[in-house]
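Structural characterization, general
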Amino acid sequence: MMEARKDTAVVLIVDDVPDNLAVLHDALDESGYMVLVANNGETALRRAEEARPDIILLDAIMPGLDGFEVCARLKANLNTRHIPVIFMTGLTESEHVVAGFAAGGTDYVTKPIRTAEVLARISTHLQASRQMHQARGALDAFGQAAIAVLPASGRIVWQTPLARDWMQRYFSTSEADAETHTPQPLLKWLVSLKASGAEANPLTVVQGSGRLIFSPADLNTEEQWVIILREESDAAQIEALMQTFGLTQRESEVLYWAIKGKTNRDIGDILGTSPRTVNKHMEHVFAKLGVETRTAAAALATSKMRNLKAGG
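Nothing here was measured: the structure is a model prediction, and the numbers come from that model.

**A short note on the packing of helix 2 (residues 41–51) against helix 3 (residues 67–76)**
Orientation of helix 2 relative to helix 3, taken along the N-to-C sense of each, is 25°, at an axis distance of 10 Å. Regarding the angle of helix 2 to helix 3, the classification is roughly parallel. The two elements helix 2 and helix 3 meet at a crossing, and its hand is right-handed. When helix 2 is examined against helix 3, the residues Gly41, Glu42, Ala44, Leu45 and Ala48 are found in contact with a partner set consisting of Val70, Arg73 and Leu74.

**Some points on the pairing of strand 8 (residues 203–207)**
Alignment of strand 8 against strand 9 (residues 210–218), held across five bridges, turns out to be antiparallel. The partner of Thr204 across the bridge, within strand 9, is Ile213. With antiparallel pairing between neighbouring strands as the criterion, strand 8 and strand 9 make up a hairpin whose turn holds two residues, including Gly208 at a positive phi of roughly 60°.

**Structural notes on the environment of Val278**
Among the secondary structure elements, Val278 is positioned in helix 12 (residues 275–289). By relative accessible area, which is 0% here, Val278 ends up buried. Between the alpha carbons of Val278 and Arg265 there is a distance of 8.2 Å; along the sequence they are 13 residues apart.

**Thoughts on the nonpolar core**
Grouped together as the largest cluster of nonpolar side chains are 22 residues, with contacts concentrated most on Val14, Ile56, Leu58 and Val70. At the level of elements, strand 1 (10–14), strand 2 (34–38), helix 2, strand 3 (55–59), helix 3 and strand 4 (85–89) are the ones that each hand at least two residues to this core. Of all the elements, helix 3 adds the most residues to this core, at four residues. Ignoring any residue separated from it by four or fewer positions in sequence, one finds Ile56 in contact with Leu12, Val14, Ala48, Leu74, Ile83, Pro84, Val85 and Ile86. In this structure, Leu186, Leu190, Val205 and Phe214 belong to the second largest nonpolar core, which totals 21 residues.

**A short note on the pattern of salt bridges**
This structure, assessed with the given rule, holds ten salt bridges. Close ionic contact of Arg73 with Glu69 constitutes a salt bridge, the shortest N to O distance being 2.9 Å. Here the residue Arg73 and the residue Glu69 both occupy positions in helix 3, the gap between them amounting to four residues, near one helical turn. A relative accessible area of 32% places Glu69 in the partly exposed class. The partner of Arg114 in a salt bridge is Glu117, and the shortest N-O contact between them spans 2.8 Å. The partly exposed category is assigned to Arg114, whose relative accessible area is 46%.

**Focus on the packing of helix 9 (residues 234–245) against helix 10 (residues 249–259)**
Orientation of helix 9 relative to helix 10, taken along the N-to-C sense of each, is 115°, at an axis distance of 9 Å. You can see that helix 9 and helix 10 cross each other, and the crossing is right-handed. In this structure, helix 9 uses Asp234, Gln237, Ile238, Leu241 and Met242 to contact helix 10, whose residues at the interface are Gln249, Ser252, Glu253, Leu255, Tyr256, Trp257 and Ile259. The residue inventory of the contact of helix 9 with helix 10, partitioned by class, reads seven nonpolar, three polar and two charged.

**As for the pairing of strand 4**
Summarising burial for strand 4: five of the five residues are buried, a large majority. With four bridges connecting them, strand 3 and strand 4 associate as parallel partners. Residue pairing in the sheet places Asp59 in a bridge with Met88 of strand 4. Summarising the sheet, strand 4 and strand 5 (residues 107–110) pair through four bridges and their orientation is parallel.

**Some thoughts on the sheet that holds strand 4**
Spatial ordering of the open sheet is given by 2-1-3-4-5, a layout of five strands whose pairing is parallel. Looking at the sheet topology across the chains shown, the edges are occupied by strand 2 and strand 5. On average, adjacent strands in this sheet sit at an angle of 20° to one another, irrespective of strand direction. Contacting strand 1, strand 2, strand 3 and strand 4, helix 1 (residues 18–30) runs over the sheet at an angle of about 165° to strand 2. Sheet strands touched by helix 2: strand 1, strand 2 and strand 3. Its angle to strand 2, the strand with the most contacts, is close to 145°.

Cut-offs and rules
Residues numbered from 1 in each chain as written. Predicted model: local features only at pLDDT ≥ 70, side-chain atom pairs only at ≥ 80, totals over all residues. Heavy atoms only, no water. Axes fitted to C-alpha atoms, helices over the stretch in contact; angles between N-to-C directions. Helix = DSSP H or I, 4+ residues; strand = E, 2+ residues; numbered from the N terminus. Parallel < 35°, antiparallel > 145°, perpendicular 65-115°, else oblique. Left-handed = near helix turned anticlockwise from the far one by under 90°. Contact = heavy atoms within 4.5 Å. Pairing = 2+ DSSP bridges. Buried < 20%, exposed > 50% of the residue type's maximum accessible area, 1.4 Å probe, protein only. Core = buried A, V, L, I, M, F, W, Y, C linked by side-chain atoms within 4.5 Å. Salt bridge = Lys/Arg side-chain N within 4 Å of Asp/Glu carboxyl O. Nonpolar A, V, L, I, M, F, W, Y, C, P; charged D, E, K, R; others polar.

Right, dumping it as structure tokens:
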């Protein structure tokens, strides 16, 4: 077999009827795809694991492992869960359609197969999948925290390493659960997103002095929604003030608590120092920020930090 070009998509067809395999194989091959075939569920799982196809056409009803079970196993495997699955079925009853989506299917086509429709669906889902992979690669490269969920079920289909770490920490889940389970607070928030779209308020999860904030980034596709995560904590914001204004650690701490409305005495109690020392640090803050009052310093710092969060 000739090696596929880098821009050639690989399609795995899974069907227990040889004639169906032949018709689809020929149509896809003529359209420029590299085609792999499997005539049962076990073979399909093995081929998917070995070849990592770009998309899978999966017969819903087969002897042994049916398509629903095959899809569920593909989605439970970290190596194959990202692959779009299009079900092929002669059953159009709603319960079978629901079962396909519940198992993790992306779409379905009905038998008898119309090759023009199959080709159109494949092209659409491949394009969406490639865009998602490009976005994920960029997020990974820049150390951003993001997850992608299926709108229909709320199931998490991928997450960047930083998002995975935060999800484990804030929801007290194991690594395995973080990969396969969507926490209830997140599921409830996703329901609100369905109802109101990007107008829904961000989800904030509090743990100790830290806050994990979920905000929608891309709700324009029914394939997957991208959700951006941002962590806010006392330590993180104090560090940000240091970097933004060139403050020392102690000056940044004093400014941070001043923004929170604390008096010099309060800040001294928090930091274990005297109000007089706090006042000296505050004078240094005024000089570095170019302001003359506590109110002006707090307003300037708050505005600057808000702009940074917004990407300004």
